[in-house]
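Given next are the chains, with one letter for each unit.
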Amino acid sequence: MTHEAAGVPTTRNDEDRQDNVPQGNDDVQDVQQDEAGEAADPEDAEQRPEARLARAVQVAEQALIEFEIAVETFRVEVENFSRLHHQKLGPMYARLDELDALIAEARAAKTGDPEDERKAREARAVVMPMPGVDELFHDWMDTDGLSPEAAAMLTEQPVRPPKRVRPSEEARRLYRELARKAHPDLAQDEVERQRRDEFIARVNAAYGRGDVELLKELVAEWEAGPVQPPAPLSESEELYARLEWLSRRKELLTVLAKELEDGAIGSMLRMAPDDPDQLLEDIAEQLLGEVSRREAELAEMAQQ
């Protein structure tokens, strides 16, 4: 968005006022000078409609950035939880499926019932499904394209999966600091927006892994970068257009936030908002109990 300095409108006709001032009257001239000083008072300039509108845009921008930070932190938790859920609990789910298939097959072999045989085939199909697109690309793609693990392998970098669902408090603090300072929505031209887009992409990747040291390096890098001059006041039409864009952006983020919250992983995270990592441990304990019960059932069927 191109910004141009808006001119300060005059509140009275200075030339007409000077014509009405009697010459040689020091008291009246002093009043004239006082009035002129008041007209040039910066506080009066701040009451201009454009200035009030500019402040409204500034407030809306900051509110949107805070909203985006909240959505992004939750998105990272959802993706980390999903990845760790698969890594830690995937083998347990696979074991449960295998036990279900073995139990169904043992029951079908014992009864010879066609219905039991059908159920046994279905249970075995769950264990050995035909690969689909999702299975073929599992762990290679996420919502942003290539997963961190896949990207690391393609670039010959060490794989650094997330260590926990929720990054540490230090990582969260550094991420918020960087997002507020370097957010692309604060750019005043396309070149600056591209620079910020590329930088924030690196920030998001570091935050997703909870890499505190890299986030600290990014803080230092940003602080050493070019200092952008404050944006001059825009014309009222451009400010209104800016407010409309911010409103549309917020609507899109609201939709994304609802999708994250209503998804299976988001719903699970809402069950333990204070300690999502412990939730994984609790689920693992429940799955181990289910595995033990099914193994006991299978063993009992084998003895009959």
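Refer to the structure printed above.
Here is what the cut-offs are and how they apply
- Residues numbered from 1 in each chain as written.
- Predicted model: local features only at pLDDT ≥ 70, side-chain atom pairs only at ≥ 80, totals over all residues.
- Heavy atoms only, no water.
- Helix = DSSP H or I, 4+ residues; strand = E, 2+ residues; numbered from the N terminus.
- Buried < 20%, exposed > 50% of the residue type's maximum accessible area, 1.4 Å probe, protein only.
- Contact = heavy atoms within 4.5 Å.
- Areas by Shrake-Rupley, 256 points an atom, 1.4 Å probe, with all protein chains shown as cover.
- Core = buried A, V, L, I, M, F, W, Y, C linked by side-chain atoms within 4.5 Å.
- Patch = residues over 30% accessible without salt bridge, like charges linked within 9 Å, V, L, I, M, F, W, Y side chains within 5 Å.
- Salt bridge = Lys/Arg side-chain N within 4 Å of Asp/Glu carboxyl O.
- Lys, Arg positive; Asp, Glu negative; His and termini not counted.
- Charge placed at Lys NZ, Arg CZ, Asp CG, Glu CD.
- Phe/Tyr/Trp six-rings, centres within 6.5 Å; stacked < 30°, edge-to-face > 60°.
- Axes fitted to C-alpha atoms, helices over the stretch in contact; angles between N-to-C directions.
- Parallel < 35°, antiparallel > 145°, perpendicular 65-115°, else oblique.
- Nonpolar A, V, L, I, M, F, W, Y, C, P; charged D, E, K, R; others polar.
- Left-handed = near helix turned anticlockwise from the far one by under 90°.

**Q** A description of the overall build of the protein chain should follow, citing residues and the corresponding values.
**A** The secondary structure content of the protein chain amounts to 13 helices and two strands. Relative to its full complement of 304 residues, the protein chain shows a buried share of 31%. Sequence-distant contacts, at least 24 apart, represent 72% of the contacts inside the protein chain between residues at least 6 apart. When the accessible surface of the protein chain is totalled, it reaches about 19200 Å², and 54% of it is carbon and sulfur.

**Q** Provide a residue-level description of the nonpolar core, including the pertinent values.
**A** Soluble globular proteins tend to bury their nonpolar side chains together. Ranked by internal contacts, the top residues of the largest apolar core, which has 21 residues, are Phe81, Leu89 and Ile283. Counting residues per element, the ones that place at least two in this core are α4 (49–111), α11 (236–262), α12 (264–271) and α13 (276–303). Here the element with the most residues in this core is α4; it accounts for eight residues. With near-sequence residues (within four places) excluded, Leu89 lies in contact with Leu84, Leu280, Ile283, Ala284 and Leu287. Counting 19 residues, the second-largest nonpolar core is a separate cluster that includes Ala179, Ile200, Leu215 and Leu218.

**Q** Could you give an account of a negative patch on the surface, naming the residues involved and the relevant values?
**A** On the surface, a cluster of negative charge is contributed by Asp189, Glu190, Asp197 and Glu198. Structurally, the position occupied by Asp197 is in helix α9 (residues 190–208). The exposure class assigned to Asp197 is partly exposed, which follows from its relative accessible area of 38%.

**Q** Summarise the packing of aromatic side chains; cite the residues concerned and give the values.
**A** Evaluation of the coordinates by the stated rule reveals two aromatic pairs. With 4.4 Å between their ring centres and 20° between their planes, Tyr175 and Tyr207 make a pair best called stacked. Here Tyr207 lies in helix α9 and Tyr175 lies in helix α8 (residues 169–182), a separation of 32 residues in the sequence. Looking at Tyr207, the relative accessible area reads 0%, which means it is buried. An angle of 40° between the planes, with centres 5.0 Å apart, marks the rings of Phe199 and Trp222 as tilted. A residue pair is termed long-range when its members are at least 10 positions apart, and Phe199 in helix α9 and Trp222 in helix α10 (residues 212–224) qualify at 23 residues. Exposure remark for Phe199: the relative accessible area of 5% places this residue in the buried category. Residue class for Trp222 comes out buried when judged on its relative accessible area of 14%.

**Q** Provide a residue-level description of the packing of α4 against α12, including the pertinent values.
**A** Closest axis-to-axis distance for the α4/α12 pair is 9 Å, and the angle between their directions is 100°. The angle between the axes of α4 and α12 places the two elements in the roughly perpendicular class. Residue-level contacts link Phe74, Glu77, Val78, Phe81, Ser82 and His85 of α4 to Ile265, Gly266, Met268 and Leu269 of α12. Broken down by class, the residue content of the contact of α4 with α12 amounts to six nonpolar, three polar and one charged.

**Q** How would you explain the packing of α4 against α11 if you had to name every residue and give the values?
**A** The geometry of α4 relative to α11 is characterised by a closest axis approach of 10 Å and an angle of 20° between their N-to-C directions. Put simply, α4 runs roughly parallel to α11. As for the relative orientation of α4 and α11, their crossing is left-handed in sense.

**Q** Pulling in residues and values, what's your account of the pattern of salt bridges?
**A** Inspection of every chain in the model, using the stated rule, returns 28 salt bridges. Of the charged contacts, one joins Glu115 and Arg118 as a salt bridge, the two residues approaching to 2.3 Å between their closest N and O atoms. In this pair, Glu115 and Arg118 both sit in helix α5 (residues 114–127), three residues apart, roughly one turn of the helix. Residue class for Glu115 comes out partly exposed when judged on its relative accessible area of 35%. Note that Glu290 and Arg293 form a salt bridge whose closest N and O atoms lie 2.6 Å from each other. Placement of the pair is Glu290 and Arg293 together in helix α13, with a separation of three residues, close to one helical turn.

Keep in mind these values describe shape, not function.
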